[in-house]
Every structure is written in C-alpha cells, then in structure tokens.
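Reading the structure
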Amino acid sequence: MTPNLPARLLLTQFFDAISDAAVYLEAVRDGGHQLLDFRITAGNEKGGKLIAEGLFQAEWGSQLLGDEPVRQATFQALFRQHASLLQTGEVEEFDLLHPGLHQIVRVTRSRLGDGVLVLIKEVAQTGPGQSLSLTDLLSGILEASLNGIITYEAMTDEQGTITDFRFVRLNNAARQMLSLSENVVGKPMIEQIPGVKESGLFDKFVRVVETGQPIRFETPFPAGDRLFWYDMVVVKLGNGFVITFNDITEGKESALLNEQQRLQLDSIMNASLSGVAAFEAIREEGEIVDYTLVRYNSEAARVFGFTHDMCGQRLLPNVPGLVEAGLFAVYRRVTETGVSERLQVQLPVQGGWFDVGVAKFDDGFVTTFNDISQIQQANTEVARQKSLLQSVLDNSLNNVFVYEAIRDDAGGIIDLRLKMANAAAQRDVLNAYDTDPVGKTLLEFLPTSRTTGQFNVYAQVIETGQPVRTEHYYPDVQVWYETAVAKLDDGCVVTGINITQRKQAALEKDRQTTLLDGVLNASQDAILVFEAIREPDGAICDLRYTHVNSTAHGMFGSPAYSINQTTYLQRYPNARTNLFSQYCRVIETGEPFHQEVRHQTDQVDRWFDVTAVKLSDGVVVSVRDISSRKQAELRIEEAAAELQTVIDTSQTGIFLFSPVRNDADELIDFRFRIANRRLASYIGQEPDILIGGLGSEWFPGYQKNGLFDAYQRVYETGLQERFDFHYETDGIDAWFDIMATKAGDDVLVTFADYTPLKQLQQQLETLVGDLQRSNQNLEQFAYVASHDLQEPLRKIVGFGDIVQAQYADQLGENGADLIRRMQSAAARMQVLIKDVLTYSRLATKRETTEPVDLNLLVEGVLGDLERALDEKKATVHVDPLPTLHGDAAQLRQLFQNLIANALKFTKANGMPVVRITAHQVVGRDTDGLAPVADANRLYYLIEVSDNGIGFDTQHADRIFQVFQRLHSRSSYEGTGIGLAIVQKVIENHHGYVRAKGVTGEGATFQVLFPVPVVGRP
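What you see is a predicted model, and the numbers here were worked out from it, not measured in a lab.

Let us look at the overall build of the chain. Along its length, the chain carries 32 helices and 37 strands. Buried residues in the chain amount to 37% of all 1017 residues. Look at the contacts in the chain between residues 6 or more apart in sequence, and 50% of them connect residues 24 or more apart.

Set out below in structure tokens:
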C-alpha cells in the first residue's frame, strides 16, 4: 500500500484490479452511531454495470433504503442481512439469479471497514461447449431467488371447472415464508393454505389461468398470531400458474406504524390544552434568520391566530411580537446550544402571559406553551389581596388580636399566647400594658383579664367553636370596645372596635349615606337598589326598593316616597317573567345582566339600557334612557334603506367591487359588495343574488374584454378612470359610459347605458353620409348650372342679337317680337340659374366668419341699388345697426334681397319707404320667433319694413319656399328664390326669420341674430 495516496483512490485501484464485479456499501449512522442505512459509495466498472442493470435499483452515491416507503419495503430484508454481516463479520457466499443477465451469479459478501464489500461473479459452466441442464438451471434459479416461487397445476371436476390447485414446485424461500411442510408437493392448495378461498386469492388464481392475463397485487397473509404482507405476481403456466412473492410485511408495518404514530401524535397534540409547535431553522450563510413552521396543534393555531394551514410558512411574518418579547433570541439559543429553556413571557400581540418551554429538535426546536394570563392575574390578585389585607390590618381602626391556646397535660386551657396584634391594637390597647407583648401570654401582660371574664370568654370560644360578640371596657386606657371573638385553629381571633366614638361613627355613616345619595342623584342614569324578599324555603318572591336616585324618579314618573313604600311586583305585577326573573337570576348566580329593553304602549315608545349587578342579597340596577340613540339608529337604517332604494331605482348602474386574491397575493377577480337593480337587470337577477358573488361568475367575459384590467388599474393606482365601453359578450350588446373610482379597499363603478344614443349616433352618421352625397350632387349641379347651362343661353342671346340686328327687316314685326320674347326668356333663365346657383352654394358652403359691421354693409348695398332707388323714388331709413360675426358676402346677399324685395312690391304711383331698425331682445320676448329652448338667449332683432302692397299673413311661410310666388310673373318680375336665399343665410348664422304683412299696407321682415358670447366668435 502506498501511504501517501488518499484512501479513496487506493480503494478504487483495488476494485479495478479485481476481475469480479465489486460494490462497496458504506454504513450511514446517526449521532448516536446507530445504523440507519447503507450508501453505495464505491466499486469497479462491472459493479457499476450491475447497479445500472437493477441489482440494487440505484446509482452511485444513493442509499439502499432511501426515503420512499416502497423502496424501503423492497430492500428491508437485504438491509437486515448486511447489518447482521456488519455486526458478526462472517463472510457469506451464495448463488443468485441475476435478472439483468438472465443467468446465475455467485455473490460473496464480507465486512470491510464500516461497510460491506459485495463481490459478484458469473457461475462457470460445467465444461467447454456444455451448459447447465434446464432442470438444474430451474432448480438453481428457484433456490437462489430471495423471492418465494411456487408453481401450481389446476385440479378440475368432470365439467372442467377448476376446483383446486396442486403444488408442483416451490423454493425454500416460499416454504419458509408460508410455513409449508417439506412434503407439500402434490398436495392441494386449499388443504395446505387455509383461508385461501375465503380471502379471494383462489378466485384471482382461477381468473389468471382462465384468462391468461398476469396480475400483481399486495395481500395480507395470516400466520399464527402475526399478519404478513406479500407483494405477489401471478402468471399462467401450462394448465396452472407460477406465483412469485416477496415479504413486504416490515415495510407495511412500518408504514402503518408511522401513520398510527402520526395520527396518535395529531390526536395527542390536538387534545393537549397546551400549544405545541415544531420549527426548522432557516439559515443564511450559517446564521439563523427565521424558522419554518413544521407542525402545530389546534391550541397553537388559536394562540397564533392561524385560520388556515400554515405548515411550511415562515415564523416571523406570521407571528408578530416574538423579537420584541425576546422569544426569537431564545429559539436561536436553544437551536444552537441544544440546551432546553423554560420561561414566562408576555406577548401583547397574542394577548397575555405564557409559560413557554423550548427544546432542540433537529436543526430547529419544538416549543410548548400554556396561556397563564389568568394565573398571572390570579397571582397578582392574591399578592394584591395579601398586601391589601396587611394594609387593612395595619391601617384598620379596629383592634385585631390573634391568640393561641396554652394547655396543660389534661388538655385544659391555662393561658393564651398573643401571636399577632395589628398596629391599632398595639397603639390603642397593648402599649398601655406592655410595649412588646407579642409572644407573651394574656395573663402575663393583662392579669386582670381573668377577673373581668375576658379570659373565660376567649377560652369558651376556643373550646366550643361558637363565636361571641361582647363589649369590654379597658380601665387603664378608659375606652370601651365592642369585641368579636371567633375560633381560629387552636386559638382565637379577637377584633375590637372603640365604641367610645360610636356616635362619631354614626355621624360619619350618615355623612357617607348623604354622599352616596349625592353621587347617585348626580348620575344621569337611573339607579335602583333592591333587596330580595324570600319565601320560607329561600325562594325569591319579590324585591324591595332600598335606594332610588332622582333620575329614576324622573324617568319612571314616581316620587321617592311612593317607590320606597312598595315592592317591585306591586309596581309591576305583570313583570314576573320578564326583568324580574333576570334580577332574581343575578342575585342567585352572581352573574351580571345587561340588555336593551323596549317599553311600548299606545302613548309611549321608549328604549332603555338595563344593567343589573349583584349586591349582597340584592341587586343594583342601572337604567339609561337610550330612546334618542335608538331613534337615531332607526333613522340611519331608514336612510340606508332609502339609499338602497335610490340606488336600485337609479337608471345608472352602480356596484361596489372588493378585490379577490390568490395564495400568491395576486389580484385575480373582484367580488360584488353592493349591486343595484339596474346592473342585475342585465342578467335577469335580483341585486341580492349578485352580492357576495364573483364578477367572473356573473359576467365571465369581463376578465377578457379589458374591463377587469381597467378596474385592476384603478384599484392599484388609486386614479379615477372614465371611459366608453362596448360590452358585446355574455349575451349583452350595449354601449356604456363607465366611471371607476377607488373607495377605500374597494372599487366603486357607475355606468350609464347610452346604447339608444349610440344607435342614434350611428343613424346620424349614416344620414350625414347621405347628406354629404347630396351636397356633392348639388355641387355637381352648381357646376353644370354655372358652365353647361349658361353657355347655351349665352349663345341663344348672342344669336338672337345677331338675328335682330342683321335680319330685322326680313323677320317682320312678328318675327322681331318672337326674337324679343326668346331673348327675354333666355334672360330670365340666366337670372334663374344664377339664383339657383347662389341658393345651392348657400346650402352647401359656409364661409369663414368674421366681424361684420352691418352699417357699412347696408351702406354698400344701397349704393348697389342706387339706380333702382332713383327709379322708384324710394326713401330708405336706416337706424344704427350692430356688428355681427358672420359671412359678409351672405349677409350682403340677405340685405340686398330684402331691400330689393321691398322695392319690387310697391304700390302703383306710390312713393316707396323702407325702414331698417335694430335692437337687442331676449328670446322669450320675441313673440315665439325664438324657440323655447333659447328663451334666455340674447339676440339682435333687425326689422326691414316697407309700405308696399303687403300680403296676407296666412302666406307668411310660403314666401320663403323655393320657386313660390304670390303674384304672376307678368305683374312682378322674379324667380321665386330671393326670400329662400334670405332664409338659408339666416339658418347659416343660427338665426330665425319671420314675415308679417297686411294687404295694401306693407310688409315687415323680422330677423334674429344671436348676440356673440364674450370670448367666443
């Protein structure tokens, strides 16, 4: 051996030098050197091949048993064999059928260090070119197998029905596992294996033979007082079958024992009144930073406030206050040192004091704890009471003496020894006889006590046990005491009160009574004190008033003398089963009573908060009038109901969403907290059905159509969102105006269904498209009118002029008249085309608006009409006119048409007068010209009036229609389009026009233009 080579390398070289397959299994032990398992740590190439082919069903570095129950059951027997060999050191050698190589191998096992060396070699054949006989091979396989193997042949009746199976061959493993005799071959199965038919195994064997289908199963097998478990494989063989089985009893029993122990542990832990929990350390770079919860009982869950399974969760985030209380430091110390600790600690978060024990458990700890809050409180109270007693004794104005009997041999009392005296007794009595009497006898420091009879009274009480109350005078201090003597063990306790000051005490009592009455009467609550009136058998039959404050007198409407002179049932004879029974229960049990009581009659409806507490053999009752609070609560409830009614009757959908999270604290849905009837109507439900349900339950599509994302965004950012949304899933096709707002930890959603408006909008868009196409047609018409139509007319007029000029003589008068008429008609046609073109442009085109001074505009129009004014000898009066925002060209056309219209329809031989006025008016003052919706709007009212021929008012609307004329063309020229152009211009400027006329007197055209808003065009 080379000393400087590592042991592992030498072992590897040793294995490689061996011709046989070699595998080394190293022992795995715990801290107490107990054998737990074997780890496959080393070997040669052949050994690795055998491992890979399933000899150990493992790989290098893995353990033989491992953690899996099935593997543990399979290799438990092999583990025991290796453990036994490791202990005894004996070398074992045997033949084994190797399933991977399909041949028999020879296995040699021996101890090597703290492990087992396994050598495996192929069994040599009997001679060159020869092989084992089939019988020898089968026998070798059977005897070498660690599994039980049995072959059976079927036994049938005359009908061919299988009635039993006969043993044909079996190996020693099968014989030992089933405790079969040596001469079992040839015997029936049912005879040799009792219960095989009742257990159902026989039927399974029959099914395999009849169907030819192999089966594998686990089955129990009783043997003596023990129940064995086997893993069986059954395969048809000829007219019978072969069965191989492996003993898995220990694995089964181990699994069953583990389960029983787990259940027992759970039962014990959960039955424990103590909290129990186990934790495993969480380390970072070796330092304990937290613990993982491994196991806990129901009491621990209650104390820690767990509402669901917390195993696997971290300790500190889920159990606050441990670091501040110092417990976490204890946990770490116990884990690191292994030294158990016990302490009492206060955990404010968990609400009390706890007695905590901590012990190391693996790389963690197990803790048990008891809630000792009541014990701590009791101990504190005992200490307080003890201190209070001593304080009472030391500060008591009463004298307190404790004596112990001194007896003779016959047991008679011959003296009393003073064991204790309080400060008052020392100060008021004893100092007059002895400055330090404690420990001395009564007859020693007060010899006159025998002659005064005081000694005899004390001795009598000690002997009889009957307490005595008496008065005693101490002449040396010249005071009288009222003395109470009671037996205490083999002695007595004597308390005395100086009755010299009884009068003063009585006066003090009266003062205290007055003070109590003052306190009671100052209370805003009614306070009544009762004492029980009992039957001879002790049962309470009534309650007597002993104290009643002024608030009670005012509350119940009875003066003090009338209450104090009666009992409870005299005042309330029908109350025996109501408050009276509750007061009696308080007196008998000592448990306080509290209840809100309603007193309702035809005249009164009042609520009272009643509290009753036991006082001696009576009860103190405090009554508070809470009618105002109850009425307020009722109003709140009514308001809430009204609010719900408002919500439900709202045409706007309203609902409140609460977030729903998964275990990873991710927002995955929302839950309805409030839903109104409008929302519920979309799914044909009532609002109450939705409340508490998930949004995805009632509206599955909202998680995919973007709504959920919007609500999640509002919830996480806190920013309000308002948006339009087309909901077209879940059987709903509607347009909504949605507003989502975060409200606390919820999302408030309101929405309005504007589907009809959206549909109308779509219809309007269709109409706008139609209108745009119509305008395009008009524009095409205008183009035709301005080009294609006027060109022929110009040629007609031109040719007419040529004919009239060059051929007038040849045409004669009639021909010339026809030419004149033709030219006149062509001229009218040109004017008509021009007017139609103007009208169509007004209908399809709106020029850019600008401020237009109507004074300058009208002045220009009059200039254009100067020839017509002169011919008609007309007079035009123009008042100051406003400045409008509009299209100057269109407004010029409007005033030119109105003034020209006035000049056209004049009286024969009359002098035309045209007047143009303007002033501001409100819509409501326009005599219906402005619509009701614009009643408060400010307008410029411009009127153009004349003294012409006028018209009948019933034709007022007709004159604004295209091509409509009230007179023949022969009477008055015109195309019938001028006033239609006026109306179109006013419509383009969002105004209104109306004509009024009186036949033979003239006409007035009223035009409304909206006054521009300041800051807007």
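A few words on the confidence of the model for the chain. For any part of a model where pLDDT is low, the fine detail of the predicted coordinates should not be relied upon. Residues at a pLDDT of 70 or more form 80% of the chain, whose mean pLDDT is 80. Here residues 1-5 scores under 50 on pLDDT; set against residues more than four positions off or in separate chains, the count is four contacts. Low pLDDT (under 50) marks residues 967-972, which in the prediction has ten contacts with non-local residues, meaning those over four places away or in another chain.

In regular strands, side chains alternate between the two faces of the sheet. Note that strand S21 (residues 526-534) and strand S22 (residues 540-548) share seven bridges and pair antiparallel. In the strand pairing of S22, Val529 is matched with His547. Connecting S21 to the next strand, S22, in antiparallel fashion are five residues, including Gly538 with a positive phi near 95°.

Pairing within the open sheet is mixed, and its five strands lie in the order S32-S34-S35-S37-S36. Single-partner strands in this sheet number two, and they are strand S32 (875-878) and strand S36 (992-998). Here the strands of the sheet are splayed against their neighbours by 15° on average, with no regard to which way each runs. Pairing of S36 with strand S37 (residues 1002-1010) involves seven bridges; the strand directions are antiparallel. Looking at the pairing, Lys996 lines up with Thr1004 of S37.

Mapped onto the elements, Gly364 comes out in strand S15 (residues 364-371). Not counting residues within four places of it along the chain, the set of residues in contact with Gly364 comprises Phe279, Glu280, Ala281, Tyr291, Thr335 and Ala359.

This next bit is on helix H12 (residues 327-337). Buried within H12 we find Leu327, Phe328, Val330, Tyr331, Val334 and Thr335. Projected down its long axis, H12 shows its buried positions confined to an angular sector of 160°, all on one face. Following H12 by one or two positions, Gly338 adopts a phi angle in the positive range, close to 80°.

This paragraph deals with unusual backbone geometry. What you tend to see is this: most non-glycine residues have negative phi, and most peptide bonds are trans. If you check the backbone angles, Asp665 has positive phi at about 60° while not being a glycine. Tracing the backbone shows Asp665 in the loop between strand S26 (653-661) and strand S27 (667-675). With a phi angle near 55°, Lys873 is a residue other than glycine that sits in the positive phi range. Here Lys873 shows up in the loop between helix H30 (866-872) and S32.

So, about a nonpolar patch on the surface. Together, Leu757, Leu760, Leu764 and Leu767 give the surface a local cluster of nonpolar side chains, amounting to about 380 Å² of exposed area. Along the chain, Leu760 turns up in helix H27 (residues 755-806). Looking at Leu760, the relative accessible area reads 40%, which means it is partly exposed.

All right, on to the pairing of strand S28 (residues 721-727) then. Every second residue of S28 is oriented toward a common face, the buried set being Glu721, Phe723, Phe725 and Tyr727 and the non-buried set Arg722, Asp724 and His726. With seven bridges joining them, S28 and strand S29 (residues 734-743) adopt antiparallel strand pairing. Counterpart to Phe725 in the pairing with S29 is Phe736. In textbook terms, the turn of a hairpin is the stretch between consecutive antiparallel strands, and for S28 and S29 this stretch comprises six residues, one of which, Asp730, has a positive phi near 55°.

Here we take up empty space enclosed by the protein. Under the counting rule described, the total for this entry stands at five cavities of 30 Å³ or more. Its volume calculated, the largest cavity comes out at about 230 Å³. Surrounding the largest cavity, 16 residues form its lining, Phe655, Leu679, Phe699, Leu707 and Tyr727 being those nearest its centre. Elements that contribute at least two residues to the lining of the largest cavity include exactly S26, helix H26 (707-717), S29 and strand S30 (746-753). Split by residue class, the lining of the largest cavity holds 15 nonpolar, one polar and no charged. Volume-wise, the second largest cavity comes out at about 100 Å³.

With that settled, the discussion passes to the sheet that holds S15. Read from one edge of the open sheet, five strands run S12-S11-S15-S14-S13, paired in antiparallel fashion. Both edges of this open sheet fall to strand S12 (287-296) and strand S13 (341-347), since each of them pairs with a single strand only. For this sheet the average axis-to-axis angle between neighbouring strands, irrespective of direction, equals 30°. In the sheet, strand S14 (residues 352-361) pairs with S15 via eight bridges, with the strands oriented antiparallel. Looking at the pairing, Ala359 lines up with Val366 of S15.

The next subject is the packing of aromatic side chains. For the coordinates displayed, the defined rule picks out 44 aromatic pairs. Ring geometry for Tyr230 and Phe245: centres 5.5 Å apart, planes at 80°, overall edge-to-face. Here Tyr230, found in strand S9 (residues 226-237), pairs with Phe245, found in strand S10 (residues 240-247); they are 15 residues apart in sequence, far enough to count as distant. When sorted by exposure, Tyr230 lands in the same class as Phe245, which is buried. Connected via pairs of aromatic rings, a cluster forms that spans Phe655, Phe657, Phe670, Phe672, Tyr682, Phe699, Tyr702, Phe708, Tyr711, Tyr715, Phe736 and Phe751. The ring of Phe202 carries Lys197 above its face, with NZ or CZ at 5.0 Å from the centroid. Positioned over the ring face of Trp735 is Lys758, at 4.3 Å from the centre of the ring.

Attention shifts here to the nonpolar core. Judged by nonpolar contacts, the single largest core of 36 residues is most densely connected at Leu854, Leu894, Phe895, Leu898 and Phe1009. Counting only elements with at least two residues in this core, the list comes to helix H29 (854-864), helix H31 (888-904), strand S34 (913-922), strand S35 (938-946), helix H32 (978-988), S36 and S37. Here Leu894 is in contact with Val982, Val985, Ile986 and Phe1009, once residues within four sequence places are set aside. Ile150, Ala154, Val206 and Phe228 belong to the second largest nonpolar core, which has 31 residues in total.

A few words now on the environment of Tyr992. Looking at the secondary structure, you find Tyr992 in strand S36. Once the C-alpha coordinates of Tyr992 and Ala930 are considered, the two residues, 62 residues apart in sequence, prove to be 6.9 Å apart. Excluding residues that lie within four positions of it along the chain, Tyr992 makes contacts with Leu929, Ala930, Pro931, Asp934, Tyr939, Ile986, Gln1006, Val1007 and Leu1008. A polar contact is formed between the side chain of Tyr992 and the side chain of Asp934, at a distance of 3.2 Å.

Here is what the cut-offs are and how they apply
Residues numbered from 1 in each chain as written. Predicted model: local features only at pLDDT ≥ 70, side-chain atom pairs only at ≥ 80, totals over all residues. Heavy atoms only, no water. Helix = DSSP H or I, 4+ residues; strand = E, 2+ residues; numbered from the N terminus. Buried < 20%, exposed > 50% of the residue type's maximum accessible area, 1.4 Å probe, protein only. Contact = heavy atoms within 4.5 Å. pLDDT = per-residue confidence, 0-100. Pairing = 2+ DSSP bridges. Axes fitted to C-alpha atoms, helices over the stretch in contact; angles between N-to-C directions. Arc of directions from axis to C-beta. Patch = residues over 30% accessible without salt bridge, like charges linked within 9 Å, V, L, I, M, F, W, Y side chains within 5 Å. Areas by Shrake-Rupley, 256 points an atom, 1.4 Å probe, with all protein chains shown as cover. Salt bridge = Lys/Arg side-chain N within 4 Å of Asp/Glu carboxyl O. 1 Å grid on protein atoms, 1.4 Å probe; cavity = no way out; pocket = protein on both sides within 12 Å on 5 of 7 lines; lining within 4 Å. Points joined across faces, edges and corners; volume = space filled by probe spheres on them. Nonpolar A, V, L, I, M, F, W, Y, C, P; charged D, E, K, R; others polar. Phe/Tyr/Trp six-rings, centres within 6.5 Å; stacked < 30°, edge-to-face > 60°. Lys NZ or Arg CZ within 6 Å of the ring centre and 35° of its normal. Core = buried A, V, L, I, M, F, W, Y, C linked by side-chain atoms within 4.5 Å. Polar contact = N/O pair within 3.5 Å; in protein donor to acceptor, adjacent residues only side chain to side chain.

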